[in-house]
Amino acid sequence: GLPARVRIHEVGARDGLQNEKTAVPTEVKAEFIRRLADAGLRTVEATSFVHPKWVPQLADAEQLYPQLADLAGAGVHLPVLVPNERGLDRALALGADRIAVFGSATETFAARNLNRTVAESLAMFEPVVARAKEGGAHVRGYLSMCFGDPWEGPVPVAQVVGVAKALLDLGCDELSLGDTIGTGTPGHVRSLLAALNGAGVATDRIGVHFHDTYGQALANTLAALEHGVATVDASAGGLGGCPYAKSATGNLATEDLVWMLDGLGIETGVDLAALTATSVWMAERLGRPSPSRTVRALSHK
Ligand code: HMG
Ligand code: MG
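Residues numbered from 1 in each chain as written. Chains lettered and ligands numbered in written order. Predicted model: local features only at pLDDT ≥ 70, side-chain atom pairs only at ≥ 80, totals over all residues.

> Before we move on, could you go through the nonpolar core and cite the residues and values that matter?
Val82, Ile99 and Leu143 are the most contacted members of the largest nonpolar core, which has 92 residues in total. In terms of residue count, the dominant contributor to this core is helix 8 (residues 157-170) (7 residues). Dropping the residues within four chain positions of it, Val82 is found in contact with Phe49, Gly87, Leu88, Ala91, Ile99, Ala100, Val101 and Val128. (Core = buried A, V, L, I, M, F, W, Y, C linked by C-beta atoms within 7 Å. Buried ≥ 20, exposed ≤ 12 C-beta atoms within 10 Å, placed from the backbone. Helix = DSSP H or I, 4+ residues; strand = E, 2+ residues; numbered from the N terminus. Contact = placed C-beta atoms within 7 Å.)

Structural data, given as structure tokens:
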């Protein structure tokens, strides 16, 4: 049956902004994150400690993260992306206690996003996960291209399961299955989840991360919920996309997700009106309307 409660892993400030061409001021990012937390989100991915040339928008991680200290103190989880030991050093120096490594199920995306083969990227993550765990940090393992890859086409389930297992074997606490370019459909979601369970991966360690490129994100989410998944990634206002994945548009909008979960009677702790107001505010800062259907419906005057 469906879970009674879903933990929303909010990625708007990271996945949502990483692709924005014009630099968003650090103070605006901090206020965005603060408003998301005020709307009831308890996991708000804050930024990435990646190479600043690779993702210029998040080059202010050192300035941003310390501005969020009071939120961390108030029990809001603020995970950050970390690809390698250099990134981990930067995150740990600021006291981060939740990190995420990000692998790829396909070779093409591993090369484009990490400048590594899949095996080399796992080797790069190994000391990151080990050191983070030693220090008591929580580690998420993202896995991109779990359904389709813009260069390689549909990605075989067995290939995804192999890399997923490898990430968990490194010591990741949870896995986030990324449909980076949004081509997945519900039957494919069911097959992948069943194959992961068959390979010994428990559903309670799995989160889902859908991009809404083909309008499938909510249907895919429902399929995952029916399978027992209770961690869902989403981006306020539907912001987002990966700069290194051709044709990746915004994530599942958090408002669209909360509308569905509210209707199903599934608890999230999120105040939809406050969240919508936050996305409208952010859309004004970015100078274009939110693509979220729910934001548009609720903010239409
Ligand atoms: P590289 O060029 O191979 O790096 O990039 P390197 O290890 O050869 O190092 C080169 C130089 O970069 C060195 O400096 C390092 O110190 C420096 P030098 O010694 O030459 O002066 N360097 C760094 N500086 C600051 N912070 C660092 C860092 N690392 C190295 N962390 C690298 C390899 C992994 C760094 C690069 O490819 C990179 O930063 N990639 C990040 C790409 C990215 O952030 N993509 C978006 C996130 S993934 C995503 O959006 C998908 C997701 O949402 C799920 C889904 O939708 O599927 C998560
Ligand atoms: Mg993503």
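> Mind laying out the site of ligand 1, listing which residues take part and the relevant values?
Around ligand 1 sit 26 residues in total, of which Val50, Gly87, Ser144, Gly178 and Thr180 are the nearest. Only helix 5 (85-93), helix 6 (107-114) and strand 6 (138-144) provide two or more residues apiece to the shell around ligand 1. The greatest single-element share of the shell around ligand 1, amounting to 3 residues, is contributed by helix 5. For the shell around ligand 1, a count of residues per class yields 11 nonpolar, 12 polar and 3 charged. (Near = placed C-beta within 6 Å. Nonpolar A, V, L, I, M, F, W, Y, C, P; charged D, E, K, R; others polar.)

> Tell me about helix 9 (residues 186-198), and name the residues and values.
Owing to its 3.6 residues per turn, the α-helix brings residues three or four apart onto one side. Here helix 9 spans 18 Å end to end across 13 residues, near enough to the 18 Å set by a 1.5 Å rise per residue. All buried positions along helix 9 are accounted for by His188, Val189, Leu192, Leu193 and Leu196. Relative to the axis of helix 9, the buried residues are bounded by an arc of 130 degrees and lie together on one face. Helix 9 presents Gly187, Ala194 and Gly198 as exposed residues on the side facing more than 90 degrees away from its buried surface. Against the buried residues of helix 9 lie helix 8, strand 9 (174-179), strand 10 (206-210) and helix 10 (217-227). Once helix 9 ends, the next one or two residues include Gly200, with phi positive near 95 degrees. (Expected span 1.5 Å × (residues − 1). Arc of directions from axis to C-beta.)

> An account of the sheet that holds strand 11 (residues 231-234) is needed here, citing residue identities and associated values.
Reading across from one edge, 2-1-11-10-9-6-5-4-3 is the order of the 9 strands in this open sheet, with parallel pairing throughout. Only two strands of the sheet have a single neighbouring strand rather than two, namely strand 2 (43-44) and strand 3 (47-48). Alignment of strand 1 (residues 7-10) against strand 2, held across 2 bridges, turns out to be parallel. Considered in strand 2, the bridge of His9 is made with Thr43. Packing against the sheet, helix 7 (residues 118-134) makes contact with strand 5 (98-104) and strand 6, and its axis sits at approximately 165 degrees to strand 5. (Pairing = 2+ DSSP bridges. Axes fitted to C-alpha atoms, helices over the stretch in contact; angles between N-to-C directions.)

> Please give an account of helix 10 that cites residues and values.
Residues of helix 10 that are buried: Ala217, Asn220, Thr221, Ala223, Ala224 and Leu225. Where helix 10 is buried, its residues meet strand 9, helix 9, strand 10, strand 11 and helix 11 (254-264). In the segment just after helix 10, Gly228 is the residue with positive phi, at about 110 degrees.

> Account for the packing of helix 8 against helix 9, naming residues and giving values.
Interhelical geometry of helix 8 versus helix 9 gives an angle of 50 degrees and a closest axis separation of 10 Å. Taken together, helix 8 and helix 9 sit at an angle that is classed as oblique. Regarding helix 8 and helix 9, the two cross each other, and that crossing is right-handed. Contacts between helix 8 and helix 9 pair Val157, Val160, Val161 and Ala164 from the former with Ser191, Leu192, Ala195 and Leu196 from the latter. (Parallel < 35°, antiparallel > 145°, perpendicular 65-115°, else oblique. Left-handed = near helix turned anticlockwise from the far one by under 90°.)

> If you had to explain the pairing of strand 6 to someone new, which residues and values would you point to?
When you tally the buried positions in strand 6, you get 6 out of 7 residues, the bulk of the element. Inspection of the sheet shows strand 5 paired to strand 6 by 7 bridges, in the parallel sense. Residue pairing across strands places Arg98 opposite His138, the latter belonging to strand 6.

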